[in-house]
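An overview of the molecular structure
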Amino acid sequence: MTWIRQHRPRKLVPGISLLLIILGMTIALADAADESADAGGTAVVLTIDGAIGPATLDYVERGLDHARDSNARLVVITMDTPGGLMSSMRSLIKSILASPIPVATYVSPPGARAASAGTYILYGSHVAAMAPATHLGSATPVQLGGVPGQSEEQDAPSSPSGEDTDQTEQESAPSGDGSAMERKVLEDAVAYIRGLADRHGRNADWAERAVREAINLNAEDALAQNVIDIVAEDVPDLLNQMNGRSVVMSGGERTLNTANLTLERIDPDWRTRLLSVLTDPNVAYFLMIIGFYGIIFELANPGSLVPGVIGAICLLLALFAFQVLSVNYAGLALILLGLAFIVAEAFMPSFGILGLGGLIAFVVGSVILMDGTNQAISLPVIGGTAAVAGGFLLWVVTRFVGLRRRQVVSGVEQMEGEQGVALDSFARDDDLYRGHVRLNGERWNATSPSEIHKDEPVRVTRIDGLTARVERGDEPDDSNH
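Residues numbered from 1 in each chain as written. Predicted model: local features only at pLDDT ≥ 70, side-chain atom pairs only at ≥ 80, totals over all residues. Heavy atoms only, no water.

What about the overall build of the protein chain?
On a plain count of helices and strands, the protein chain comes out with 15 helices and 17 strands. Across the 481 residues in the protein chain, those meeting the buried criterion constitute 43%. (Helix = DSSP H or I, 4+ residues; strand = E, 2+ residues; numbered from the N terminus. Buried < 20%, exposed > 50% of the residue type's maximum accessible area, 1.4 Å probe, protein only.)

Below, the structure is given as structure tokens:
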């Protein structure tokens, strides 16, 4: 027993020490793995380059879904936009605010801008950042006026004051000026952007001025006035500056850990590019017209197939575009009515009344087709299409006028003055002589005020129903025998 008591500690102490060492190493490895997991991860980078529209919304939403499914740590949206559709902008901001993954919107590269709708998107993002030599602002909502199509979505050089010359329609609009609808839209936009600013602790007063007065700021001034959070040279610099920053998510505050993130760029694919083309108001407008005429030509020439197939495809694509665009249905109805009147002029000649009315309805409907939340259809496009329709209408009217002046070659009217020959001697009946004549190879009942003998040439003076009124005439042509 004494031997055992002397040697048991000598055997147990090394075993316990080895167990403690193994346990410590396991804990250290687990901590190292956790630290590695925290330090790593993926940042999904999306790109917005151009006007905000349904195609942009679809692209960003699919990018956010991919980031969520792949457990990304961050989504970075690099943006250069002149503005866009209000409906698409609001839906995009809703997706950003509801995202479980932080979203940083970064205006880049140098020289880029976040005008109009881009300013709202910056205010709605969890992190707002800009590259040097970029600017934001001109956030006044407008119903496009003047020359349709010359809107803020079209690029133009910046003015010396920093405001874009393509924002000329976004002039200062105090709440006391303008129509009731304009004031309602303006106040709604002010409340919306102030709410976004308050949510993320940014300068709400400047945001209101950007809406009411269409003012602009460059990146450095925006940072100084607490309009944005970061000015970064590039995306890696942005990630370094964001590391450790707290942001407001839908579930509460979250501290960002953006160190050593791997960038995964998702560029716009063919679907986004196709949607961008189809949802352009001018393209949708042309598709509708081609589809309408294609269906008309197919109905006028059944079995030709090509116009019907092309027309049906174009019309369906146009209807898809109108579904995602905010369309004035009164304008759409006027366009269809105008096209119907123009086509009806070719089938029911009214000598220009139907065609002129259709042309007026077509032009008015084209101008008001898109409401104030959309880029209007370009005036040259409307004018060119109306000119083609007007040319067709003019051709139809001149053709009808020419046909009226042309000598009649068939029908009852053509019979007057025709030469024929008597088939028998006319018999007296009251004050007329009655008999039969051959006209254009046909046998006709005939009457005459004077006596006519068999085989004598006759000339038609008029047609009464199925009876020809004749008188003695010159020797008939051989073709009449």
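Quick word on the nonpolar core
With 50 residues, the main nonpolar core has Val75, Tyr120 and Leu136 as its most contacted residues. In contact with Leu136, other than residues within four places in its own chain, are Ala114, Thr119, Leu122, Met130, Trp206, Ile215, Asn216, Leu217, Ala222 and Val227. (Core = buried A, V, L, I, M, F, W, Y, C linked by side-chain atoms within 4.5 Å. Contact = heavy atoms within 4.5 Å.)

Re the packing of helix α10 (residues 281-300) against helix α12 (residues 329-347)
Working note: a packed helix pair is described by the angle between its axes plus the distance between those axes. The geometry of α10 relative to α12 is characterised by a closest axis approach of 12 Å and an angle of 35° between their N-to-C directions. Once α10 is placed against α12, the crossing between them reads as right-handed. Across from Tyr285, Met288, Phe292, Tyr293, Ile296 and Ala300 in α10, the residues of α12 making contact are Leu332, Ile335, Leu336, Leu339, Ala340, Ile342, Val343 and Phe347. Its residues placed into classes, the contact of α10 with α12 shows 14 nonpolar, no polar and no charged. (Axes fitted to C-alpha atoms, helices over the stretch in contact; angles between N-to-C directions. Left-handed = near helix turned anticlockwise from the far one by under 90°. Nonpolar A, V, L, I, M, F, W, Y, C, P; charged D, E, K, R; others polar.)

A closer look at the pairing of strand β15 (residues 442-448)
Relative to β15, strand β14 (residues 432-439) is paired through 7 bridges, and the arrangement is antiparallel. Note that in β15 the partner of Arg438 across the bridge is Arg443. Between the end of β14 and the start of β15, which pair antiparallel, lie 2 residues, with Asn440 showing a positive phi angle near 55°. Relative to strand β17 (residues 467-472), β15 is paired through 3 bridges, and the arrangement is parallel. Residue pairing across strands places Ala446 opposite Ala468, the latter belonging to β17. (Pairing = 2+ DSSP bridges.)

So, the sheet that holds strand β4 (residues 113-115)
Sheet strands pair by backbone hydrogen bonding; their relative direction is either parallel or antiparallel. With mixed pairing, 3 strands are arranged side by side in an open sheet as β4-β6-β7. Each edge of the open sheet carries a strand with a single partner, namely β4 and β7 (216-218). Strand-to-strand twist across the sheet, computed as the mean angle between neighbouring axes with direction ignored, equals 10°. Running over the sheet, helix α4 (residues 117-124) touches β4 and β6 (135-137) and is turned about 100° from β4.

Observations concerning the packing of aromatic side chains
For the structure on display, the rule yields 5 aromatic pairs. Through successive ring pairs, a cluster of aromatic residues spans Tyr285, Phe286 and Phe362. Arg90 extends its terminal NZ or CZ atom over the ring of Tyr192, reaching a point 4.1 Å from the ring centre. (Phe/Tyr/Trp six-rings, centres within 6.5 Å; stacked < 30°, edge-to-face > 60°. Lys NZ or Arg CZ within 6 Å of the ring centre and 35° of its normal.)

Let's talk about helix α6 (residues 204-212)
Buried within α6 are the following residues: Ala204, Trp206, Ala207, Ala210, Val211 and Arg212. The inward-facing, buried residues of α6 abut α4, β6, α5 (180-200) and β7.

Topic: the sheet that holds strand β1 (residues 42-49)
Taken in spatial order, the 6 strands of this open sheet run β8-β5-β3-β2-β1-β11, and their pairing is parallel. In this open sheet, the two strands that pair with only one neighbour each are β8 (230-231) and β11 (262-266). Most of the contacts of helix α2 (residues 54-69) go to β1, to which it runs at about 180°, and overall it touches β1, β2 (74-80), β3 (103-107) and β11.

Here's the deal with the pairing of β3
For a regular strand, side-chain orientation follows a simple rule: the groups alternate between the two sheet faces. Burial of β3 is extensive: 5 of the 5 residues sit out of reach of the surface. Side chains Val103, Thr105 and Val107 of β3 all project onto a buried face; the interleaved residues Ala104 and Tyr106 project onto the opposite face, where all are buried too. Where β2 meets β3, 5 bridges bridge the pair, whose relative direction is parallel. What sits directly across from Ile77, in β3, is Thr105. Note on the crossover from β2 through helix α3 (residues 86-98) to β3: the handedness is right-handed. (Right-handed = clockwise from strand over helix to strand, strands pointing away.)

Some remarks on a nonpolar patch on the surface
A cluster of nonpolar side chains, contributed by Leu356, Ile360, Val364, Val367 and Ile368, occupies part of the molecular surface with about 400 Å² of accessible area. Here Ile368 lies in the loop between α13 (353-367) and α14 (379-405). (Patch = residues over 30% accessible without salt bridge, like charges linked within 9 Å, V, L, I, M, F, W, Y side chains within 5 Å. Areas by Shrake-Rupley, 256 points an atom, 1.4 Å probe, with all protein chains shown as cover. Salt bridge = Lys/Arg side-chain N within 4 Å of Asp/Glu carboxyl O.)

Quick look at the environment of Pro307
Relative to the elements of secondary structure, Pro307 occurs in helix α11 (residues 306-324). Here Pro307 falls in the partly exposed class, since its relative accessible area comes to 23%.

As for the layout of surface pockets
Taken as a whole, the second largest pocket encloses approximately 400 Å³ of empty space. Taken together, 23 residues make up the lining of the second largest pocket; nearest its centre are Ala51, Gly53, Ala55, Thr56 and Ser276. Among the secondary structure elements, those contributing two or more residues to the lining of the second largest pocket are β1, α2 and α9 (270-278). Along the lines of polarity and charge, the residues of the lining of the second largest pocket split into 10 nonpolar, 9 polar and 4 charged. (1 Å grid on protein atoms, 1.4 Å probe; cavity = no way out; pocket = protein on both sides within 12 Å on 5 of 7 lines; lining within 4 Å. Points joined across faces, edges and corners; volume = space filled by probe spheres on them.)

What about the packing of α12 against α13?
In contact at an axis separation of 7 Å, α12 and α13 are set at 155° when each is read in the N-to-C sense. With respect to α13, the element α12 is oriented roughly antiparallel. The chirality of how α12 crosses α13 is left-handed. Two secondary-structure elements touch here, α12 through Gly331, Leu334, Ile335, Gly338, Leu339, Phe341, Ile342, Ala344 and Glu345 and α13 through Ile353, Leu354, Gly355, Gly357, Gly358, Leu359, Ala361, Phe362, Val364, Gly365 and Ser366. For the contact of α12 with α13, a count of residues per class yields 12 nonpolar, 7 polar and 1 charged. (Parallel < 35°, antiparallel > 145°, perpendicular 65-115°, else oblique.)

A word on the side chain of Ser95
With respect to the helices and strands, the residue Ser95 is situated in helix α3. Those residues in contact with Ser95 that lie beyond four places of it in its chain are Glu61 and Leu64.

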